[in-house]
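Descriptive analysis of the structure
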Amino acid sequence: MAQLQDQVTMAPATAVAEREDAPQKSFIDAIHDTLADEMRADDRIVLLGEDVGRRGGVFRVTAGLLDEFGPERVIDTPLAESCIIGSAIGMALNGLRPIAEIQFLDFIHSAMDQIMSEAAKIRYRSNNDFACPLVIRVPFGGGVHGALYHSQSIEAMFVHTPGLRVLAPAFPADAAGLLRAAIRGDDPVLFLEHKKMYRAIKGPVPTGDFEAPIGKARVVQEGTDVTIIAYGMMVHEALKAVSVVAEETGVSVELIDLRSLKPLDEDCLVQSAKKTGKVLVVTEANEACSVASEVAATVGEEAFAYLDAPVMRLAAPDVPAMPFSPPLEHAFLVDAEKIGAALRRLISY
Amino acid sequence: MTTEVTNAPDKAVQGAFNPQSTAVSDQLPGHYPPPSATFEATTISAQVAPSSTGDAGLPPETLIDMYRHLALARALDERMWQLNRSGTAAFIVSGQGHEGAQVGAGFALERGIDFLLPYYRDLALSLVFGLSATDVMMAALARAPDPTSGGRQMPAHYGSARLNIITSSSPVATQIPHAVGIAYAARMRKTGAVAIACFGEGGSSKGDFHESCNFAAIHKLPVIFFCENNNYAISVPVEEQVSIEHVADRAAAYGFPGVVVDGTDVLAVYQVIKDAAERARKGEGPTLVEAKVYRFQPHTSDDDDRTYRDPDEVKAWRARDPLAQFEARLRDLGVLDDEQVARIRSDINREVDHATDAAEQAPYPDSSTFDRHVYADR
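Residues numbered from 1 in each chain as written. Chains lettered and ligands numbered in written order. Predicted model: local features only at pLDDT ≥ 70, side-chain atom pairs only at ≥ 80, totals over all residues.

**Some details on the overall build of chain A**
Along its length, chain A carries 14 helices and 14 strands. Taken over C-alpha atoms, the radius of gyration comes to 20 Å for chain A, in line with the 20 Å a tight globule of 349 residues would show. Taken over the C-alpha atoms alone, chain A extends approximately 60 × 40 × 40 Å along its principal axes. In chain A, which comprises 349 residues, the share counted as buried stands at 57%. (Helix = DSSP H or I, 4+ residues; strand = E, 2+ residues; numbered from the N terminus. Rg over C-alpha atoms; globule rule 2.2 N^0.38 Å. Buried ≥ 20, exposed ≤ 12 C-beta atoms within 10 Å, placed from the backbone.)

So this is what it looks like as structure tokens:
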């Protein structure tokens, strides 16, 4: 495993090789710098959330922004998630471009009414009379000893909600490009930041004003024999698994990073499935009705005749949430080893 | 107990404030006061607004305009019941009994500048903010020209970007934090606007109400929380909704004024909301206004209020009908006479007839449009 661990930081650099001369940034710096750049360019942007000001966020994503932009634009809110999102919606309805932070995805449940019934439906229910340009940034995912309430991956609930866009970049360049696109868009976006990647993942980030396309997957690595589809930290775990299994079996693996969970880049997924005939979909969320389920169904419907094996899902077990103690956390969490094992099963099908 | 807290960290005692620093974060409050064991008691009670007298300083033409809006809201509401009972309108929500409070509140605000965040009983307020009888009927009959939602929402979900009436939904109290955010943006953009968020006493039980009061108070935002307490959340009486005498008593706990006002007294509500708006515009923060009203009709056209309240109670409240009271007041003031009342009523009937005809003749939305406007580009 030690050999695999080293490749965590190596992998993204090769993945965005076309930009390898760009400056290297950590995932967290890519997000921080994009927030700062956009706030400098557009004084309608306000940040609000718990601890985003003085503390600069519990993960330090917004560090220094209070000092640069002042307390009117960087708001330390009371601990009231529904009001964070609800008041951000009001700001969006009155000419601002709010970026709300929910401290952990595990804490978002009390804001669901505001996200699913309000933000997501404002344009539709008003027949396009109102828009809700709102970005909700949220750390998600496990593997950091966060236990049941600092590890959740409940993104599927939002993917199930028309009117929202859901983004989960895996590389610093995509974090910057997609966040910029989200901020500049006119619709509500849930922007998911895998907390384990904040400092563990580094990669080249182009300088200047660039956006990444919402709704487009990234082919991290091209291959011909089997496709892995993942997002967030699972992309990096998959990269580790692929390097081992490919060397061991000689199989050519295509790895796709969804980046955008809603909308899904169905064309990219289906084309890859048609090419390789075998598809493994990986998520660290619970399996039932997950993003992996949606991808599997899409591939099954659109590429059935090309498949050489049933589409395989690898996801968290049907257990309420991630336990704390290391052996329990390890047992729950999808990692490179489990992906490798699933990949071998699929290859030998 | 508190005297034991002497080993608090130095930073807490001295405070984070550092006069040498130019960093914004160091200029903000963020330090504990020195430990103390003395606390002062606070008084938790709302003010009770006096009944109105005379014309509240309003010119006759304004008083007549108020009366006209009140009577129009009532007439539209009654027509929608008829349309529902005759099978033309699938579903309606009634605001009868609330109109006096709503007209008083609406006329105290700056239409075109201020923001209305209505709930489903705010027909009269929405009319004051500029919706027309025809707009309302288009929505009631789910026709394509409905400006509030193009026939997408149930009737009574008012909204219009042009009129600063914010689109509303059905889960109660969700509009209250929107008002707070709108007020925050208004202050930041220096537009001078005030936002008024309307809800019932049932909605005052929701977390969104409490979270919004707290946030608005911290930032002294230009927002008015307007509780139209009609004694019933569908079937549940107010005694089982809140344990206190007045919803407005809540305000003290958040650190801003609460005012109770007779919601059947149009000009009393006008004065209270005018004062609250003035406070808001001066940067003094929010006010919680509770107008005591009564819902004359069932919750909606699908409800039967005979299953949970005594018809005699309804009758007793109808004796305090805000429309009749206001008309009597204006007659006493010599602002209205029989002839004027007859003319206004006849004009309103014509307006409601016209609105009904227009809606009945208007097309439904084209079914092919059902998936439009999910996103900006779709």
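**So, the packing of helix α3 (residues 60–85) of chain B against helix α6 (residues 133–140) of chain B**
All names here are of chain B. Interhelical geometry of α3 versus α6 gives an angle of 25° and a closest axis separation of 11 Å. For the element pair α3 / α6, the angle class is roughly parallel. The two elements α3 and α6 meet at a crossing, and its hand is right-handed. Counted together, L72, L76, M80 and L83 of α3 and A133, V136 and A140 of α6 form the full contact between these two elements. Classifying every residue of the contact of α3 with α6 gives seven nonpolar, no polar and no charged. (Axes fitted to C-alpha atoms, helices over the stretch in contact; angles between N-to-C directions. Parallel < 35°, antiparallel > 145°, perpendicular 65-115°, else oblique. Left-handed = near helix turned anticlockwise from the far one by under 90°. Contact = placed C-beta atoms within 7 Å. Nonpolar A, V, L, I, M, F, W, Y, C, P; charged D, E, K, R; others polar.)

**Describing the interface of chain A and chain B**
With 41 residues of chain A at the interface, the matching set in chain B holds 39 residues. Elements with a minimum of two residues in the side of chain A that touches chain B: α3 (65–69), α4 (81–93), α5 (112–118) and α6 (122–125) of chain A. Looking at the side of chain A that touches chain B, the element that brings in the most residues is α4 of chain A, giving nine residues. Classifying every residue of the side of chain A that touches chain B gives 15 nonpolar, 15 polar and eleven charged.

**What about the pairing of strand β7 (residues 258–262) of chain B?**
Residue and element names in this part refer to chain B. The buried fraction of β7 is high, at five of five residues. Burial along β7 is two-sided: G258, V260 and D262 facing one way and V259 and V261 facing the other are all buried. Note: β7 against strand β8 (residues 287–292), five bridges, orientation parallel. Note on β8: the bridge partner recorded for D262 is K292. Handedness of the crossover joining β7 and β8 through helix α10 (residues 266–281) is recorded here as right-handed. (Pairing = 2+ DSSP bridges. Right-handed = clockwise from strand over helix to strand, strands pointing away.)

**Some words on helix α12 (residues 322–332) of chain B**
Residue and element names in this part refer to chain B. By the burial criterion, the buried members of α12 are P322, L323, F326, R329 and L330. Seen end-on, α12 carries its buried residues on one side only, within an arc spanning 130°. Residues A328 and D332 are exposed on α12 and point more than 90 degrees away from its buried face. Where α12 is buried, its residues contact α3, α4 (99–107) and α10. (Arc of directions from axis to C-beta.)

**Details of the sheet that holds strand β4 (residues 223–229) of chain B**
Residue and element names in this part refer to chain B. Spatially, the six strands line up as an open sheet ordered β1-β7-β8-β4-β3-β2, and their pairing is parallel. The open sheet terminates on both sides in strands that have one partner only, identified here as β1 (47–48) and β2 (115–117). Sheet analysis places β4 next to β8, joined by six bridges and oriented parallel. Paired with F225 across the bridge in β8 is L288. Where α10 meets the sheet, its contacts fall on β4, β7 and β8, and the angle it forms with β8 comes to roughly 170°.

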